[in-house]
Structure formats: C-alpha cells, structure tokens
Amino acid sequence: MTTFEAIPISQVSKGSAYITSGDGTAIPLDAEELRRAFDAIVHGGGTDLITTGEAAQILGVSPKTVARILDSGEIPFTRYGAKGNRMVSRAQVVAYRDKSKAHGRQALEEMREAASQGGLDDVDYTAYLSRFN
C-alpha cells in the first residue's frame, strides 16, 4: 500500500517533479516515482484508479462494505491526500465482482444439486406459502 501526501503547490521546490491534484495541492515525486508515472502514461499503465464510492456502485454494495472488502485485503488500494482517501483499480474491482458472481452461481448450483439429491425439489410448497397470503 502506497501513501501519497499532498502539499500546497507553493511549497514545491522549483524544478521538482510533482502531480497536481487540481485543488491547489501537489504530490511531489522522487526520480523513481516520476519514472513510473511517465511509464504509466506512455505505455498505458492500465491503472484506472477510482474512488471507493465508484467501486461501491460497480459492486452494487455500500461504501462501508467496500471499506470492509479493502480492509480484508481482497482488493488492493492506494491512499492519497492529506485525508488518506483510498483509490482502487477499476480492473481489480471488476475482477472481484466477476469472481464473486461466479462464486455465487456455483454455490446456488450446489444448493440446487443438494435439494435434488434430498428430494426437496419435488416438495409442494403451496400449503406453506398460503399461510403468508
């Protein structure tokens, strides 16, 4: 996990490399960070970072649930800014979503198989359901 701390642009030394966050702050970069940023830009890097709110929308869950997923280590994240906001890779979020859906489908299929083997798929639930109408 990488943490970046933004500082006022006015505090960046003249001639230093930095990334501006658009709100009057900047994230200074050392030579290695600058090289990696440049490589990502030139070569496409595949790093489409999104907020945890956007991740929540993709996953169809609350931001609190996304925070729990991140804290569990299931999706890697990067902290940035003075508040330590978390950013995640869109590709990682989509991969997690797809893996979760596949796991859910497999579990449902296993339950159907168990119900069939136990003869539960032939049960008439009409009498049971009529108690709730």
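In what follows, the accompanying structure is described. (Residues numbered from 1 in each chain as written. Predicted model: local features only at pLDDT ≥ 70, side-chain atom pairs only at ≥ 80, totals over all residues. Heavy atoms only, no water.)

## Brief notes about the side chain of S89
Argument step 1. Note that S89 resides in strand β6 (residues 85-89).
Argument step 2. Relative accessible area serves as the criterion here: at 15%, S89 is assigned to the buried category.
Argument step 3. Ignoring any residue separated from it by four or fewer positions in sequence, one finds S89 in contact with D48 and L49. (Helix = DSSP H or I, 4+ residues; strand = E, 2+ residues; numbered from the N terminus. Buried < 20%, exposed > 50% of the residue type's maximum accessible area, 1.4 Å probe, protein only. Contact = heavy atoms within 4.5 Å.)

## So, the nonpolar core
Argument step 1. With 12 residues, the main nonpolar core is built from I50, A55, A56, L59, V66, I69, L70, I75, F77, V88, V93 and Y96.
Argument step 2. For this core, the elements supplying multiple residues, two or more each, are α2 (52-59), α3 (63-71) and α4 (90-117).
Argument step 3. With residues near it in sequence (within four places) discarded, L70 still touches T52, I75, F77, R86 and V88. (Core = buried A, V, L, I, M, F, W, Y, C linked by side-chain atoms within 4.5 Å.)

## Structural notes on the pattern of salt bridges
Argument step 1. Overall, the coordinates contain five salt bridges when judged by the stated rule.
Argument step 2. Between R35 and E32 there is a salt bridge whose closest N-O contact spans 2.6 Å. Placement of the pair is R35 and E32 together in helix α1 (residues 31-43), with a separation of three residues, close to one helical turn.
Argument step 3. Residue classification places R35 among the partly exposed positions, given a relative accessible area of 41%.
Argument step 4. Close ionic contact of D71 with R86 constitutes a salt bridge, the shortest N to O distance being 2.7 Å. One end of the pair, D71, is in helix α3; the other, R86, is in strand β6, with 15 residues separating them in the sequence. (Salt bridge = Lys/Arg side-chain N within 4 Å of Asp/Glu carboxyl O.)

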